[in-house]
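# Results of the structural survey
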Amino acid sequence: MRPIFGEKDTPYEEARVVVLPVPYDLSLSFLPGARRGPAAILEASQELEPFHLELLCDPSEVGIHAAEAVPWVAGSAEESHRLIREAALAHLKAKKFLVALGGDHSITYPLVQAHREALGPFSLLHIDAHADLYPEWQGSVYSHASPFYRLVQEGFSVVQVGLRAVSRESLALIRERGLGFFPAHRIRKEGLPLREILSALGERVYVSFDFDALDPSVMPSVGTPLPDGLTYREAVNLLAAVFEKKEVVGMDFVELSPNGQFHAEMTAAQLVYHAIGLKGLQAGWLERG
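Below: a short report on this structure. All values reported here derive from a predicted model rather than from experimental measurement.

Now for the packing of aromatic side chains. Evaluated as defined, the whole model comprises 6 aromatic pairs. Pairwise contacts between aromatic rings join Phe122, Phe156 and Tyr206 into one cluster. Over the aromatic face of Tyr109 sits the side chain of Arg150, whose NZ or CZ is 3.7 Å from the ring centroid.

Right, dumping it as structure tokens:
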């Protein structure tokens, strides 16, 4: 049966938003299972209340179509990434706003490539527990620990929020390239510096959200959990501020690794649905009321 996001599925031709499952997780370096994340989010989304109390609207009214999952090739990360890029590009050329569900964080690289080809330049907001700035990890440039190194090398402006694990070499790269850097320990001490984050971003933004950015007390079902992460409210407030002040051109949500704790899957689905609602309000597809 074809996947559905939420209670109803809008026909492709009428949909403004396409939810793209990308169940690729061959580059994970710790706990496996992120390939099951997209299906778990889709299933949980069907239990959400369509009307969003905080946003005072029904985000599903933007028209949401859940696409078929992108296939992957077990023996080739390069070929798998090519398939992800081509699938994303096809939806973007059809003028859809794309919300990708991973899968491991390596999928962000081909997704961003597709968005740049279709939409032109933008900056990257990377919300994560980890910097993902290794040139390679375990012998592979396609690792989930490496996508933002590759994107920085290609000239993307990157702003990172919520980090708790950064190598000495990655920190040196952050300083050398002047990346926006807002680690979790600073947020715990000073609060979320929204004005600084927004100032560091360009006018057009692609959002990449790793669920391990959230504290494990909120999001226990990830492959590489770390303590002292963002609260759900901090994550929502960050997204709301970005959507209010910037043009968000695309999003991915990655590294949910279902482990039987359904509340985590509901949390992931609710965050994705909230973000779709924020995009609908930003674009004028929805009205509060």
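Back to the text.
Going through the model one piece at a time under the given rule, you end up with 11 salt bridges. Ionic pairing is found between Glu196 and Arg186, a salt bridge with its closest N-O pair at 2.5 Å. On the criterion of sequence distance, the pair formed by Glu196 in helix α7 (residues 194-200) and Arg186 in helix α6 (residues 184-190) is long-range, its members being 10 residues apart. By relative accessible area, Glu196 is classed as partly exposed at 41%. Between Glu203 and Lys246 there is a salt bridge, with its nearest N and O atoms 3.4 Å apart. Remark: Lys246 occurs in the loop between α8 (232-245) and β8 (247-254) and Glu203 occurs in the loop between α7 and β7 (204-210); sequence separation between them is 43 residues. Of the residues examined, Lys246 reaches a relative accessible area of 10% and is grouped as buried. Salt bridges sharing partners connect three or more residues here, namely Glu79, Arg82 and Glu86.

Along helix α5 (residues 168-177), the residues classified as buried are Ser170, Leu173 and Ile174. Down the axis of α5, the smallest arc covering the buried residues is 100 degrees, so these residues share one side. Residues Arg168, Glu169, Arg175 and Glu176 are exposed on α5 and point more than 90 degrees away from its buried face. Within two residues after α5, Gly178 carries a phi angle of roughly 65 degrees, on the positive side.

Inspection of the secondary structure puts Glu7 in the segment before β1 (17-22). For the pair Glu7 and Glu49, spaced 42 residues apart in sequence, the C-alpha to C-alpha distance is 8.7 Å. Sequence-distant contacts of Glu7, that is, excluding residues within four places in its chain, are made with Gln46, Leu48 and Pro50.

Moving on to the sheet that holds strand β6 (residues 180-182). By definition, the strands of a sheet pair up through backbone hydrogen bonds, in either a parallel or an antiparallel sense. Pairing is parallel across the open sheet formed by 8 strands, whose spatial order is β2-β1-β3-β8-β7-β4-β5-β6. Lying at the two open borders of the sheet, with one neighbouring strand each, are β2 (64-66) and β6. Looking at each pair of strands side by side, their axes are set apart by 15 degrees on average, direction ignored. Where strand β4 (residues 123-127) meets strand β5 (residues 158-161), 4 bridges bridge the pair, whose relative direction is parallel. If you follow Ile127 over to β5, its bridge partner there is Val161. Each of β1, β2, β3 (97-102), β7 and β8 touches helix α9 (residues 262-283); the most contacted strand, β8, lies at about 170 degrees to it.

Cut-offs applied
Residues numbered from 1 in each chain as written. Predicted model: local features only at pLDDT ≥ 70, side-chain atom pairs only at ≥ 80, totals over all residues. Heavy atoms only, no water. Phe/Tyr/Trp six-rings, centres within 6.5 Å; stacked < 30°, edge-to-face > 60°. Lys NZ or Arg CZ within 6 Å of the ring centre and 35° of its normal. Salt bridge = Lys/Arg side-chain N within 4 Å of Asp/Glu carboxyl O. Helix = DSSP H or I, 4+ residues; strand = E, 2+ residues; numbered from the N terminus. Buried < 20%, exposed > 50% of the residue type's maximum accessible area, 1.4 Å probe, protein only. Arc of directions from axis to C-beta. Contact = heavy atoms within 4.5 Å. Pairing = 2+ DSSP bridges. Axes fitted to C-alpha atoms, helices over the stretch in contact; angles between N-to-C directions.

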